[in-house]
Amino acid sequence: LNAINALARKAKEADVRKFCEEGVPDDVMEQYKKIKAYETLDTAKTGPLQQILTKRKGTITVIAEYKRKIENGGFIDEVFDPEILSASFREFGASGIAVMADERMGGCTYKDLADFIEEQRRAKNEVPGSVMIINNDLIVDEVQIARSAAMGAKAVTISLETVGPEKTLLFITAAQAVDLESIVSVSSKEQAQQAVDLGARIISIVNVDGAEAKFDCIDGLSVPEEQKVCTIANIAALSDKSMGEIEEAWMCRDKGFNCAWVSDALYKSGMDPSEHPGAIIKSMTAKSSVKWASPKARSGKGEGAREYLGDILM
């Protein structure tokens, strides 16, 4: 895994060098100068994304991730363009939208990121209102953070395991300098605590299977007095059609997670009328119980589905 992270980091560093060699746009350079002039990280600052993702106890929000390639697979055959899915994610209740703006990993580019930002900008005065866009690129340089801010993104993701603690602190500080929030991804209890100690106030548990193991990563976190940490459970796609990802999201909610990050699971059933990305988002945020409800029933399939849907949507 460390070797893979190192290769990914080197490839991304080459992409950033190419971007800079082609000439950094003026709006990006303006944001970059703000980063270089910023000195002290304010760890007590709570940004709007953290507030939106952190609702009352017993509920869970959803970050829907857009990508054109699925993990360990090829391009997604039926994925719609940003113009369509951006509106669908918003209408079905996503609290945040992440774009995997890494062509190697997610098949997306910064053009896709820009399209999502623009579609949400146009929806600012609609009901429901616009959703914040997260750049889920592999951040290896402050220039990417400056570029994200110039485009109008509201947050970036930072991989503690990939870039290490020193760069993580650098990037969290850089993001705050240009009014972006940071989501720091971790994959162990030790990394989670280290991220919090560095100043991360939104952490995402990645590459950890099952609700129990995810919860172990955040259980007993030491957080500075009067400060809060938003916890995100990254829900991996299952290979079957059981919709177990929805049940895992409910279990993570019951364990105290604030948010579920869902990616490949949104696309594994294509645009099936009852299991399209919007239906999965809506199911994950439903006030359903693992004890009393079936994810299959919630999605509209299976014995007794119609009766249960009627109850849940009342």
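Residues numbered from 1 in each chain as written. Predicted model: local features only at pLDDT ≥ 70, side-chain atom pairs only at ≥ 80, totals over all residues. Heavy atoms only, no water.

### Concerning the nonpolar core
Convention followed: Throughout, nonpolar core names a set of buried Ala, Val, Leu, Ile, Met, Phe, Trp, Tyr and Cys residues whose side chains join them through atoms within 4.5 Å. Only protein chains enter the accessibility calculation, which uses a 1.4 Å probe; a residue is then buried when its area is under 20% of its type maximum, exposed when over 50%, and partly exposed in between.
Counting 69 residues, the largest nonpolar core has Y66, F89, I145, V184, I203, L266 and M284 as the members making the most contacts within it. Of all hydrophobic cores here, the second largest spans 13 residues; its members include L49, I63, I183 and I202.

### Section: helix α11 (residues 244–255)
Put simply, the test is: To qualify as a helix, a DSSP run of H or I must reach at least 4 residues; to qualify as a strand, a run of E must reach at least 2; elements of each kind are numbered from the N terminus. Helix span is expected to be 1.5 Å times the residue number reduced by one.
Taking 1.5 Å per residue, 12 residues should reach 16 Å; α11 reaches 16 Å between its end C-alpha atoms and fits that length. Every buried residue belonging to α11 is among G244, E245, I246, E248, A249, W250, C252 and R253, and all of these are buried. Positive phi appears at G256, one or two residues downstream of α11, with a value of about 110°.

### A closer look at the side chain of K214
What counts here: Note on contacts: a residue pair is in contact if any heavy atoms of the two residues lie within 4.5 Å.
Within the fold, K214 resides in helix α10 (residues 211–218). Apart from the residues within four sequence positions on either side, K214 is in contact with I205, V208, D209, A233, N234, E248, C252 and F257.

### What to know about the pattern of salt bridges
Keep this limit in mind: Every case where a carboxyl oxygen of Asp or Glu lies within 4 Å of a side-chain nitrogen of Lys or Arg is listed as a salt bridge.
Applying the stated rule across the entire model yields 18 salt bridges. Where D264 meets K67, a salt bridge forms, and the shortest distance between an N and an O atom there is 2.7 Å. Taken together, the residues span a long stretch of sequence, with D264 in the loop between β8 (259–262) and α12 (277–285) and K67 in the loop between β1 (61–66) and α4 (82–91) at a distance of 197 residues. K67 matches D264 in its accessibility class, with the two residues each being buried. Across the pair R122 and E118 runs a salt bridge whose closest N-O atoms are separated by 3.5 Å. Of the two residues, R122 and E118 both sit in helix α6 (residues 110–122), 4 residues apart, roughly one turn of that helix. In this structure E118 comes out as partly exposed when scored by relative accessible area, which is 30%. Each member of the salt-bridge network shares a partner with another, and the members are K12, D15, D102, R104 and D137.

### Describing helix α2 (residues 26–37)
Counted only if it meets this: Directions drawn from the helix axis to the C-beta atoms are what define this arc.
Over its 12 residues, α2 extends 17 Å from the first C-alpha to the last, a length consistent with the 16 Å expected when each residue adds 1.5 Å. Residues of α2 that are buried include every one of V28, Q31 and I35, and no others. The buried residues of α2 occupy an angular sector of 65° when the element is viewed end-on, so they sit on one face. α2 presents D26, K33 and A37 as exposed residues on the side facing more than 90 degrees away from its buried surface. Against α7 (142–151) and α8 (160–177) lie the buried residues of α2.

The quantities given are spatial measurements derived from coordinates; they are silent on function.
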